[in-house]
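Each chain, letter by letter, is given below.
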Amino acid sequence: MEIALIRIDSRLIHGQVVQGWLPSLSVKEVVVVSDTAASSKLMGKMMRMSLPQEYALQVMNPSAAASHLLEEAGGKALVLVEDVSSLPQLLSAGLKFKEVIIGNTKYEESKKQYSQGVFLSAEEYSLLKKMSEESGVDFILKTLPTSLKTRLF
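Just so you know, the residues in each chain are numbered from 1, in the order the chain's sequence is written. Totals for whole chains, interfaces and linings use every residue, but because this is a predicted model, local features are given only for residues with pLDDT of at least 70 and side-chain atom pairs only at 80 or more, for both listing and counting. Excluded from the side-chain calculations are hydrogens and water; all other atoms, namely the structure's heavy atoms, are used.

S.K.: Hey, could you run me through the environment of methionine 131 in this one?
M.R.: Secondary structure follows DSSP: runs of H or I at least 4 residues long count as helices, runs of E at least 2 residues long count as strands, and numbering of each begins at the N terminus. The residue methionine 131 is located in helix H6 (residues 122-135) in this model. For the pair methionine 131 and serine 115, spaced 16 residues apart in sequence, the C-alpha separation works out to 20 Å. Contacts of methionine 131, omitting those with residues within four sequence positions, involve Leu87, Pro88, Leu91, Gly136, Val137 and Phe139. Only heavy atoms matter for contacts: two residues are in contact if any of them lie within 4.5 Å across the pair.

Rendered as structure tokens:
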């Protein structure tokens, strides 16, 4: 399956994704990568209700999502990743991607703010920096497709 966009967003499916990103991408499927959501039928049902019916929805843990995305069949997908820690699992499973949009991460007092909705701990920042250096992944801070593109590093 071709990946149209990978976006880190702790809110997963919400207005910015449905109204902003989906119309700008020619995708048939949304793949949510979240251990929490994958283990909750209620979260899956809520996301399905939030997503227009023309889009298929997969809610999976990182390992299952990587396997699904590595399949040859299918069209293009928008991949929504709940947290930074899931990205290395996707890479180590064999997924190839050059760019990740960071749209929103959970606020915590101990985290540093990098843009309006992006807060990263020192460990998360170091993990992203290492991935960038080792795999060439470019991390972009961007709320909507029409927003300015700002590199994290």
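Moving on from the model shown.
S.K.: Hey, could you run me through the packing of aromatic side chains in this one?
M.R.: Remark: the centre distance and the inter-plane angle together describe each pair of aromatic rings, the angle taken between the planes. Aromatic rings from Phe, Tyr and Trp, taking only the six-membered ring of Trp, are treated as a pair when their centres fall within 6.5 Å; an angle between ring planes under 30 degrees marks them as stacked, one over 60 as edge-to-face, and anything in between as tilted. If you walk through the whole model with that rule in mind, you get four aromatic pairs. A ring pair is formed by tyrosine 125 and phenylalanine 153, whose centres lie 5.1 Å apart and whose planes are at 70 degrees; its orientation type is edge-to-face. Here phenylalanine 153 lies in the segment after strand S9 (150-151) and tyrosine 125 lies in helix H6, a separation of 28 residues in the sequence. Judged by its relative accessible area of 25%, tyrosine 125 falls in the partly exposed class. Residue exposure (1.4 Å probe, protein chains only): buried if accessible area is under 20% of the type maximum, exposed if over 50%, otherwise partly exposed. For phenylalanine 153, a relative accessible area of 31% puts it in the partly exposed group.

S.K.: Is there a simple way to think about the sheet that holds strand S3 (residues 56-60) in this case?
M.R.: Consider a sheet: its strands pair through backbone hydrogen bonds, and that pairing is either parallel or antiparallel. At least two DSSP bridges between two strands are needed for those strands to be called paired. Across the sheet, which stays open at both edges, the seven strands sit in the order S3-S2-S4-S1-S5-S8-S9 with mixed pairing between neighbours. Taken across any chain shown, the strands that pair with only one partner, and hence form the sheet edges, are S3 and S9. With three bridges connecting them, strand S1 (residues 2-9) and strand S5 (residues 99-104) associate as parallel partners. Note that in S5 the partner of aspartate 9 across the bridge is asparagine 104. Sitting on the sheet, helix H3 (residues 41-50) touches strand S2 (29-33) and S3, and the angle it makes with S3 is about 155 degrees. Strands in contact with helix H4 (residues 62-70) are S1, S2, S3 and strand S4 (76-81); relative to S2, the strand with the most contacts, it is inclined by about 150 degrees. What counts as an axis is a line fitted to C-alpha atoms, over the stretch in contact for a helix, and the angles between N-to-C directions run from 0 to 180 degrees.

S.K.: Can you walk me through the pattern of salt bridges in this structure?
M.R.: In a structure, side chains of opposite charge can pair up when their charged atoms sit close to one another. Definition used for salt bridges: Asp or Glu carboxyl oxygen within 4 Å of a side-chain nitrogen of Lys or Arg. Enumeration according to the criterion identifies six salt bridges in this entry. When the shortest N-O distance is used, the salt bridge between arginine 11 and aspartate 9 registers 3.2 Å. The salt bridge partner of lysine 129 is glutamate 133, with a shortest N-O separation of 4.0 Å. You can see lysine 129 and its partner glutamate 133 sitting in helix H6, four residues apart, about one turn around the helix. Under the relative-accessibility criterion, lysine 129 is labelled partly exposed at 31%. Accessibility expressed as a relative area gives 58% for glutamate 133, which makes it exposed. Here the residues in one salt-bridge network are Arg7, Asp9 and Arg11, joined through shared partners.

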